[in-house]
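# Geometric and topological summary
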Amino acid sequence: MIKSSELILNPDGSVYHLNLKPEHIANDIIFVGDQNRVEKITKSFDSIEFSQQKREFKTQTGIFKGKRITVLSTGIGPDNIDIVMNELDAVVNIDLETRQPKETLTSLNIIRIGTSGSLQADIPCDSFVMNTFGLGLDNMLRSYLIDEVSETEIEDAFIKHTNWDVKKGRPYAIACSEKLEKIIESNQMHKGITATAGGFYGPQGRVLRLNIQDEDLNSKMDNFEFNEHRITNLEMETAAIYGLGKLLGHECLSLNAIIANRATGTFSADPYKAVDELIAYTLDKLSK
């Protein structure tokens, strides 16, 4: 039995941070970072059967064109993803009354819809990016045993190319779900590696009043390539989602609306439109 200090439940029997029980979620789940973006998606639903919010974690489950879908806001960063992925898995794969893992496990389909900045000049603002790999620069996943799911050749090549400082920890690379990739892909999607940082400023090369450890890291990432896979964008969640998804047996895919281009120094004239179009695209693909 899993101890109450390890699997913390609320008085109503729901998981601690997300406040969810098994009946509250669908097998198809859309992640967003911003809690205000949940209703930007569910406003298109035919009906909403469940709505819940605790802290930054807002969940709504409903029906879109006959398909049951859950939309959940994760907040920002790999640490939040650690909470969300583990608690979602607990909801479907642990009996919350007996605190025992279930004999038959459920695999969730999880698609992240986010915004991001492109690192490549030829991936312009308002375009869509599908991340075939997540490259974690944050170290969160290294708390787990990840050797069986990580892409060590990509990690080694990136470390060598960037002259990575090992004091920051070893980057980890995780592949996306091939199943979801086939469902969502089209000629509207750019593909590539996303780099997942553990912060927004220094970890992503932004300098305000503090010097950073490697001021050339972003330019090194711009021209990194592994078997024709480039680093297309930089954000704060994807590699953690992919890693925990692989370890827990869930299918995970990350999509980004590009609202800034770091290479050209440009920003979308209407970032909300780009996000709305990616939402519509994803819902259409999921409902078929």
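Right above here is the structure, for reference.
Here goes a summary of the coordinates provided.

Rules used in this analysis
The numbers attached to residues start from 1 for each chain and follow its sequence in the written order. Totals for whole chains, interfaces and linings use every residue, but because this is a predicted model, local features are given only for residues with pLDDT of at least 70 and side-chain atom pairs only at 80 or more, for both listing and counting. The side-chain quantities take in all heavy atoms of the structure and omit both hydrogens and water. As a rule, the C-alpha atoms of each element are fitted with a line to give its axis, helices using only the stretch in contact, and angles between N-to-C directions run from 0 to 180 degrees. Where helices and strands are cited, they refer to DSSP runs of H or I of at least four residues and of E of at least two residues respectively, numbered from the N terminus. Our angle categories are set so that under 35 degrees counts as roughly parallel, over 145 as roughly antiparallel, 65 to 115 as roughly perpendicular, and the remainder as oblique. The hand of a helix crossing depends on one turn: near helix anticlockwise from the far one by less than a right angle means left-handed, and clockwise means right-handed. Contacts are assigned to residue pairs that have any heavy atoms within 4.5 Å of one another. Following the grouping adopted for this structure description, the nonpolar residues are Ala, Val, Leu, Ile, Met, Phe, Trp, Tyr, Cys and Pro, the charged ones are Asp, Glu, Lys and Arg, and the polar ones are all others, Gly among them. Cavities and pockets are defined on a 1 Å grid built over the protein atoms alone: a cavity is a set of grid points where a 1.4 Å probe fits but cannot escape, while a pocket is an open set with protein on both sides within 12 Å along at least five of seven lines, and lining residues are those with an atom within 4 Å of any such point. Grid points are joined across faces, edges and corners, and a volume is the space filled by probe spheres set on the points. Only protein chains enter the accessibility calculation, which uses a 1.4 Å probe. A residue is then buried if its area is under 20% of the maximum for its type, exposed if over 50%, and partly exposed in between. Put simply, a salt bridge is a Lys or Arg side-chain nitrogen that is within 4 Å of an Asp or Glu carboxyl oxygen. This arc corresponds to the set of directions leading from the helix axis out to the C-beta atoms. Note on aromatic pairs: the rings of Phe, Tyr and Trp (six-membered ring only in Trp) are paired at centre separations within 6.5 Å, and the planes decide the class, stacked below 30 degrees, edge-to-face beyond 60, tilted for the rest.

What follows is about the packing of helix H2 (residues 78–93) against helix H6 (residues 238–248). Contact geometry of H2 with H6 gives a least axis separation of 9 Å together with a crossing angle of 25°. When the axes of H2 and H6 are compared, the pair comes out roughly parallel. Seen along the crossing, H2 lies across H6 with a hand that is right-handed. Residue-level inspection shows Pro-78, Ile-81, Asp-82, Met-85, Asn-86 and Asp-89 of H2 in contact with H6, the latter providing Ala-240, Ile-241, Leu-244, Gly-245 and Leu-248. Residues belonging to the contact of H2 with H6 are distributed by class as follows: seven nonpolar, two polar and two charged.

We now examine the layout of surface pockets. Each pocket or cavity is described by its volume, and for the largest pocket that value is around 440 Å³. Considering the residues around the largest pocket, the lining is formed by 21 residues, among which Arg-112, Thr-115, Ser-116, Phe-200 and Glu-235 are closest to the centre. Elements with a contribution of two residues or more to the lining of the largest pocket: strand S7 (109–118), strand S12 (229–235) and strand S13 (251–261). If you tally residues by element for the lining of the largest pocket, the top one is S7, at five residues. Classifying every residue of the lining of the largest pocket by side-chain character gives seven nonpolar, seven polar and seven charged. Taken together, 15 residues make up the lining of the second largest pocket; nearest its centre are Glu-6, Leu-7, Ile-8, Asn-86 and Glu-87. No other element matches the six residues that H2 contributes to the lining of the second largest pocket. Its residues placed into classes, the lining of the second largest pocket shows eight nonpolar, three polar and four charged.

Following the sequence through the fold, Thr-132 ends up in strand S8 (residues 128–136). Classification of Thr-132 as buried rests on a relative accessible area of 7%.

Turning to the pattern of salt bridges, a few remarks are in order. A complete count under the given rule lists 15 salt bridges for this structure. As a salt-bridge pair, Lys-67 and Asp-28 come within 3.4 Å of each other at their nearest N and O atoms. Here Asp-28 lies in strand S1 (residues 28–32) and Lys-67 lies in strand S4 (residues 67–73), a separation of 39 residues in the sequence. Residue Lys-191 is joined to Glu-185 by a salt bridge in which the shortest nitrogen-to-oxygen separation is 2.6 Å. Note on Glu-185: relative accessible area 30%, which makes it partly exposed.

Buried residues of helix H3 (residues 152–162): Ile-154, Glu-155, Phe-158 and Thr-162, and no others. One face of H3 carries all of its buried residues, which in axial projection span an arc of 100°. Opposite the buried face of H3, by more than 90 degrees, sit the exposed residues Glu-153 and Lys-160. Summarising the contacts, the buried residues of H3 are in contact with S8, strand S9 (172–175), helix H5 (217–222), strand S11 (225–226) and S12.

Looking now at unusual backbone geometry. Most peptide bonds take the trans configuration, and most residues that are not glycine carry a negative phi. In this structure, Asn-19 takes a positive phi of about 60° despite not being glycine. In the Ramachandran plot, Glu-228 falls in the positive-phi region, its phi being about 70° despite a non-glycine side chain.

The subject of this paragraph is the packing of aromatic side chains. In total, this model carries five aromatic pairs according to the counting rule given. Centroid distance Phe-158 to Trp-164: 5.8 Å. Interplanar angle 50°. Geometry classified as tilted. With respect to class, Phe-158 is no different from Trp-164; both count as buried. Between Phe-158 and Phe-224, the aromatic rings sit 5.5 Å apart at their centres with planes inclined by 90°, giving edge-to-face as the arrangement. Of this pair, Phe-158 sits in helix H3 while Phe-224 is found in the loop between H5 and S11, placing the two residues 66 residues apart along the sequence.

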